[in-house]
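Residue-level listing of the chains:
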Amino acid sequence: MTRAQKKPVWMMLTPAVGLIGVFVVVPMLLTIWLSFQHWSTQTGFETAKFIGLRNFEDLFSRISVGRDFRGAYFNTAVYTGISVVVILPLSVLLGLLVYQRRAPGGTFLRTVLFSTYMVPMIAVALVWSKLYSPTEGPINQILSWVGISPLTWLSAPDTALISIVILNIWQQIGYFTVLAVAGLTQIPQTLYEAARVDGANPLEEFFGVTLPLLRRTLLFSAVIAVINAVQVFEPVVLITQGGPAGSTNVLTYFIRRVGIERAQGGLGSAMAVMLMLSLIVVIVAIFAFARERKEDA
Amino acid sequence: MSLSSRGTTVVNPSRGGIFRSVLVLLIVFAAIVAAFPLIWMLLSSLKTPTESMQTPPVWFPATPSLDAYRDVAAVIDASRSFWNSTVIATTTTIGILVTSLMAGYAFAKYRFKGRDLLFAAMIATMFLPPIVTLIPLYRMVSYLHFDGSLLGVIAPNLANAFGIFLMRQFIAGVPDDLIDAARVDGASELRIVFTVVAPAIVPAIAALALFAFVYQWNTYLWPLTVLQGNTSDFPIVLSLGRLLSYNRGAMNTNLVMAGATLAVLPPLVLFVFLQKFFVDSIVSAGVKG
């Protein structure tokens, strides 16, 4: 057994752990450090000058970068909230359509839904910008057939953000549907049989058996949906540039703009830290919510 | 609870038929909505410039033409972009496979101090949005003189937490006897990983390879940031962005759609042929995760 004791643990771990350490953990720690510094992204880290909480004060002040940051923060929160609220129920509904065996076409639907998840976001953004076109786009044309007057979509402040939410949900829903199907397959059939013996109708079966047993899946889906939503970038940088009137200015776009394009590395890092803290709070809250529901049940 | 529903074990055939029809309708509707944007993209790429910009929109080109695909090559160096995308996606995928197999093996089969803590720390990085590390990372690659080059795009993506996680999950299921037998034969641990363990989890490796390839083919934020204006190293997704800004407002929708179709094809074709692996690995990651 002495030979078995001398296992090359570090040789096995070093490539992966070293790369993730250097390219993920170190930059994350640097982001936190830089958030307390005045630093231009164009210069080396040694030029950073400690300024305490000044960057964070700027974010909450009345200067324009503070206003724009709070706008981006608010837009990202709205965007994330709508995404999660739509994705979770829709993924369960589509999951049930894929999973059911009473009608044909479930697996076909899964293939079609999931194939959109394989498409680069940049292509999705390009295609949808044409679909949304108020005059040349097919969406307003289809709406006119059923008597709905043309919508402004990406071209007006009050519809632009929701338009991007829709194209993002279209792209990602296949992934969440597959997660929902995975959750559904884990539910033992005997529970449905027991419910039927008790005289439950399909609706009662759904709320009494299916939904409670999908809790773990939905928890996982909610966390992933939040993480994905704050990463929205391509449609904004390519199509709307944050407009019209700042309505699609979101955090990934704005942090990159300030931290890379304007080279205000300290200020951009402070924004990234705010995003990180907010994500931790939201994810903890999701877990707390799920635990509370479990105790209720 | 209505009494009538109790004990009606035989489903009313006509009611079941209606239910079935509703299900089929829902499935068809969902599939059409999901497929429509991609079908529109393909149709538009076959239109003439005038057709592609008409009001109200023309759905089907009068005489489908491949001219737009030829014109794409005049605006962007499409074959060069494809080559760049292939280099980026292939090298990162190989890197991820090698590093994930080794680390996944160590986490699954070795017992060492701090193992669970280290594993948890690696998994935590999976939930970190790339923007959080973007600014310092951009500076770091310029220290390494990787900025503005494919090396800068590739280097930070040679390992990831999802790969380690997926490999550990599957390697844990490989019997210890198999590994011990190879040890008795005098095989080194490295040799065991690649010649004993890897062949036992081929479907999981295929899934990870496809995931990594498609993700790296599609990723936009990091290449855009690190390559800056070096268009000759642009992967196809970045060139597509240039295609849109080229001659903005002119009659070029068919051109943009042709470019988009080209960029979409490789990941989509891979998926169609190998979707079983994709779906299985998401299922296992989701259920066990």
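Okay, so let's go over this structure.

Calculation rules
- Residues numbered from 1 in each chain as written.
- Chains lettered and ligands numbered in written order.
- Predicted model: local features only at pLDDT ≥ 70, side-chain atom pairs only at ≥ 80, totals over all residues.
- Helix = DSSP H or I, 4+ residues; strand = E, 2+ residues; numbered from the N terminus.
- Rg over C-alpha atoms; globule rule 2.2 N^0.38 Å.
- Buried ≥ 20, exposed ≤ 12 C-beta atoms within 10 Å, placed from the backbone.
- Contact = placed C-beta atoms within 7 Å.
- Nonpolar A, V, L, I, M, F, W, Y, C, P; charged D, E, K, R; others polar.
- Axes fitted to C-alpha atoms, helices over the stretch in contact; angles between N-to-C directions.
- Parallel < 35°, antiparallel > 145°, perpendicular 65-115°, else oblique.

## Some points on the overall build of chain B
Here is step 1: A count of helices and strands for chain B gives 14 helices and 0 strands.
Here is step 2: Starting at the N terminus and ending at the C terminus, chain B contains elements arranged as α-α-α-α-α-α-α-α-α-α-α-α-α-α.
Here is step 3: Scaling as 2.2 N^0.38, a compact globule of 289 residues should have a C-alpha radius of gyration of about 19 Å, whereas chain B reaches 25 Å, well beyond that.
Here is step 4: Summarising its shape, the C-alpha atoms of chain B cover approximately 75 × 70 × 35 Å along the three principal directions.
Here is step 5: Burial analysis of chain B (289 residues in total) assigns 45% to the buried set.
Here is step 6: Contacts spanning at least 24 positions in sequence make up 78% of the contacts within chain B whose residues lie at least 6 apart.

## Points about the interface of chain A and chain B
Here is step 1: With 78 residues of chain A at the contact, the number on the chain B side is 77 residues.
Here is step 2: Residue contributions to the side of chain A that touches chain B peak at 16 residues, all from helix 2 (residues 9–34) of chain A.
Here is step 3: Here the side of chain A that touches chain B is built from residues that sort into 51 nonpolar, 21 polar and 6 charged.

## Comments concerning the environment of Phe273(B)
Here is step 1: One can find Phe273(B) in helix 14 (residues 253–288).
Here is step 2: As for Phe273(B) and Ala204(B), which are separated by 69 residues in sequence, their C-alpha atoms are 16 Å apart.

## Brief notes about the packing of helix 4 (residues 64–99) of chain A against helix 5 (residues 106–117) of chain A
All names here are of chain A.
Here is step 1: Viewed as axis vectors pointing N to C, helix 4 and helix 5 meet at an angle of 135°, and their least axial separation amounts to 7 Å. The pairing of helix 4 with helix 5 is recorded here as oblique in orientation. Touching Leu 94, Leu 97, Val 98 and Tyr 99 of helix 4 are Gly 106, Leu 109, Arg 110 and Leu 113, all from helix 5.
Here is step 2: For the contact of helix 4 with helix 5, the residue count by class is 6 nonpolar, 1 polar and 1 charged.

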